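Geometric and topological summary
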Amino acid sequence: MRALPTPITRRPLPLALLFAFGILLASGSQAVAVELLPADTPVEEAIDHYINQRLTEEKVQPAPLAGDAAILRRTTLDLVGRVPTLAELDQYLDEPTAEKRHAMVDQLIASPGFIEHEANVLDTFLMHPSGRSIRDYLVRSLNERKTWDVIFQDLLLPDPESEAIKGAEEFLKTRIRDTDEATSDVSVLFFGVNVSCAQCHDHPHVADWSQEVYYGMKSFLDRTFDNGGQLAERDHGVVKYQTTAGDNREASVRFISGTTLEMPEPGERTDDLKKAEKEYFEKFKEEKKQSPPPENSLRRKLVETALAEGENIYLARATVNRIWGRLLGRGLVTPLDQMHSENPASHPDLLEWLARDLVEHDFDTRRIVRGITLSEAYARESRRGEGESPAEELFAVGQTRVLSPFQYAFSLKLAATKPERFAAETDSQELEKRLEQIAAAGRGLAREFEVPTDNFQVSVDEALLMTNSARIQGDLLAGGDKLTDELAKLESDEQRVNHAMRVILGRSPTEEEQTVLVGYLAGRNDRTEAACQQLVWALLTSSEFRFNH
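Here is a short report on the structure shown in this document. All of these numbers come straight from a predicted model, not from anything done at the bench.

To continue, consider the packing of helix α6 (residues 112–127) against helix α7 (residues 135–143). For the pair α6 and α7, interaxial distance at closest approach is 9 Å and the crossing angle is 135°. Here α7 runs oblique to α6, going by the angle between their axes. Crossing handedness for the pair α6 and α7: right-handed. Here α6 contributes Ile 115, Glu 116, Glu 118, Ala 119, Asn 120, Leu 122, Asp 123 and Leu 126 to the contact with α7, which in turn contributes Arg 135, Leu 138, Val 139, Leu 142 and Asn 143. For the contact of α6 with α7, a count of residues per class yields 7 nonpolar, 2 polar and 4 charged.

Scanning the entire structure with this criterion turns up 35 salt bridges. Glu 381 serves as the salt-bridge partner of Arg 383, at 3.7 Å between the closest nitrogen and oxygen. What makes Arg 383 exposed here is its relative accessible area of 64%. Its salt-bridge partner being Arg 507, residue Glu 544 comes within 2.7 Å of it at the nearest N-O pair. Of the two residues, Glu 544 sits in helix α25 (residues 543–546) while Arg 507 sits in the loop between α22 (493–505) and α23 (511–522), which places them 37 residues apart along the sequence. The class for Glu 544 is partly exposed, based on a relative accessible area of 23%. Accessibility expressed as a relative area gives 23% for Arg 507, which makes it partly exposed. One network of salt bridges, with partners in common, ties together Glu 116, Arg 135, Glu 436 and Arg 443.

The next thing to look at is the nonpolar core. Of all hydrophobic cores here, the largest spans 146 residues; its most connected members are Phe 190 and Phe 191. Sorting elements by how many residues they give to this core places helix α14 (residues 313–328) first, with 10 residues. In this structure, Phe 190 is in contact with Leu 126, Trp 148, Phe 152, Leu 155, Leu 156, Phe 171, Asp 185, Tyr 314, Leu 315 and Ala 318, ignoring residues within four places of it in sequence.

This part takes up helix α4 (residues 86–94). Listed as buried for α4 are Leu 86, Ala 87, Leu 89 and Tyr 92. Those residues of α4 hidden inside the fold are in contact with α3 (68–80), α5 (100–110) and α22.

In this section: the packing of aromatic side chains. All chains considered together, the criterion is met by 16 aromatic pairs. Each ring, one from Tyr 280 and one from Phe 281, has its centre 5.2 Å from the other, and the planes form 75°; the classification is edge-to-face. Measuring from centroid to centroid gives 6.3 Å for Tyr 408 and Phe 545, while their planes differ by 50°, and the two rings are tilted. Placement of Tyr 408 in helix α17 (residues 405–415) and of Phe 545 in helix α25 is noted, with a sequence separation of 137 residues between them. Given a relative accessible area of 1%, Tyr 408 falls into the buried group. Since its relative accessible area comes to 0%, Phe 545 is described here as buried.

Reading guide: rules and limits
- Residues numbered from 1 in each chain as written.
- Predicted model: local features only at pLDDT ≥ 70, side-chain atom pairs only at ≥ 80, totals over all residues.
- Heavy atoms only, no water.
- Axes fitted to C-alpha atoms, helices over the stretch in contact; angles between N-to-C directions.
- Helix = DSSP H or I, 4+ residues; strand = E, 2+ residues; numbered from the N terminus.
- Parallel < 35°, antiparallel > 145°, perpendicular 65-115°, else oblique.
- Left-handed = near helix turned anticlockwise from the far one by under 90°.
- Contact = heavy atoms within 4.5 Å.
- Nonpolar A, V, L, I, M, F, W, Y, C, P; charged D, E, K, R; others polar.
- Salt bridge = Lys/Arg side-chain N within 4 Å of Asp/Glu carboxyl O.
- Buried < 20%, exposed > 50% of the residue type's maximum accessible area, 1.4 Å probe, protein only.
- Core = buried A, V, L, I, M, F, W, Y, C linked by side-chain atoms within 4.5 Å.
- Phe/Tyr/Trp six-rings, centres within 6.5 Å; stacked < 30°, edge-to-face > 60°.

Following this line, the structure appears as C-alpha cells:
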C-alpha cells in the first residue's frame, strides 16, 4: 500500500492499538469490547469459527457441505465467471486427495480468467448504470496486482496522462456534474454508508448520519468540477447549507468517522485572481486536458484521510462486506450501504476480524476471496431440509444467487460449445486462449441481460430473447462446433441426455429426468438434430442453469 501523508487534526487511536486492546468498532460509532481470534489464523478457519459459534448459540444445525460437483460449479462461477468445462468436472470428481478443493481454488485464482472476471465485477460495481466502463483500467491494474486501496486512490486522483492509470478518470467524470451524486456514490461504494438522506435533514433514526456528516463529505468533492469534459479542481470554496431550523451554516471538511480537517483561512478573491483562474482552466479546456489538482486538493485529502491508520477500517469493512455479499448472497451487514450503529452486523466479530486482516495485508482482496471460498460457510448445500428455514443471516444454508449478465452469457456460450474443445489434454495456453475467445463473445451477449437486483425475476425482454431470437439459435444451437452437433452423433438417446446434463448442468440426470428426456427424444427420432437442439435449449434456459447454487 502506498504511504500517504495524513493531514488529520483529530484522529482516533491507531488501528493496531485498538485491536491490541481488543476493541471492536462494530458497524457504526459504538465500541464493544471483544477478543478477536489471533491475526495468524487462516481466513477460512476464522470464518468458520465465528459462523459456527453463532449457529451453536442459536441451536441451528447447518446444512451439510454440498457435493463435489456443486462446489466446483459454484466456485468456478464465482472466481472466473463461468461454469466448469466437462474436463474440469471429470478431473475434479476423479481427484482422490483431500486437498483438491484448495488446489482448485488456488488454480482458479492464479488463472487469467480470475482477473477478467474480477474486472467485470468491479466495472459493474463502480460504473453501473452509467453506461460507461473502466474495464481496461481495471484489467491492467489487477494484472499489476494493484490492491484495493491503490485502486481507490487511482479513481479519486486519476491522471489520464499516466498510461498505468489511464481510464480511471471515467469514474469521477460520469458523476462530477452532480456533486451530490458524487458524494453519495463515493460514500456508498467505498465506505458502505448511504448518507444521501442527510442532505435535507438529520437522519431521523440513525444518529450517525447528520447534515454535518453529509456536507462534510461533500466538501471533499465540491471543488471538483467538469471543465469541458475534463476533470478540474479549484483551490478554494466552502460548502454552505441550511438546517431544518433555517440556520445557514458553512460545512467543515469532515470524514464519515468524525475526523475534521483544519483548513487554511481563504485569502481575498480579487478580480485579478478570478481572471487568472478563469484563464488557467480555459487553457486546459481548449487543450482538452485534465488540469492537475491544486496543492491543497481536497480530493487528495479525502484519499489521505481514508487510508490513514485508524481511519482505513471504514474502507476495509465496506470492502469485506461487499465481497462477502457477492460470494454468500448477503452481506454481514445488509443492505450493503447501511453500515451504521443502528444496523449491526450479523457477525460483528467476524466482520472486524476480516477487516483487520484486510488492512494488515495491504488491502489484498484476493486473500479474502480465497478464504471465503475455502470456508465451510461458503460450501454448504443450498437445498433446505424439512421444517422452518433458518434465518438467512446465520449462513446455515447456501444462498441461491442469480448469475450476473457476464456469468450467464459466458456460461451459455461455453456450455453450448463442444466440450472436446476444452479437453484435458489441451495445452494450457491454448486452453486459456479458447476460453478467452468464448469470454469475449460472451461480453457482447451480456449486454442483452439486465444487471440483477434484489427479488430478481427474468424480464420479459430476456424471455423473448431466449425464446425467439435468431441470434440465440445461431450462437448457441446451430453449427459444427456446437454441443448439439456432438449429441446428434451419439448412438443412443440415453447417452445424449446424460452427456447434455453433465456438460450443461454439471451432473447426471435423475431417474425421473432420464425417463422424461429420453422419452422426448425418442418421440422425435425422425429429426434427431432438431430434438437435440430443443434439449440443449431447455437445459440452458432452466432455472438451475440461470442461478448459482
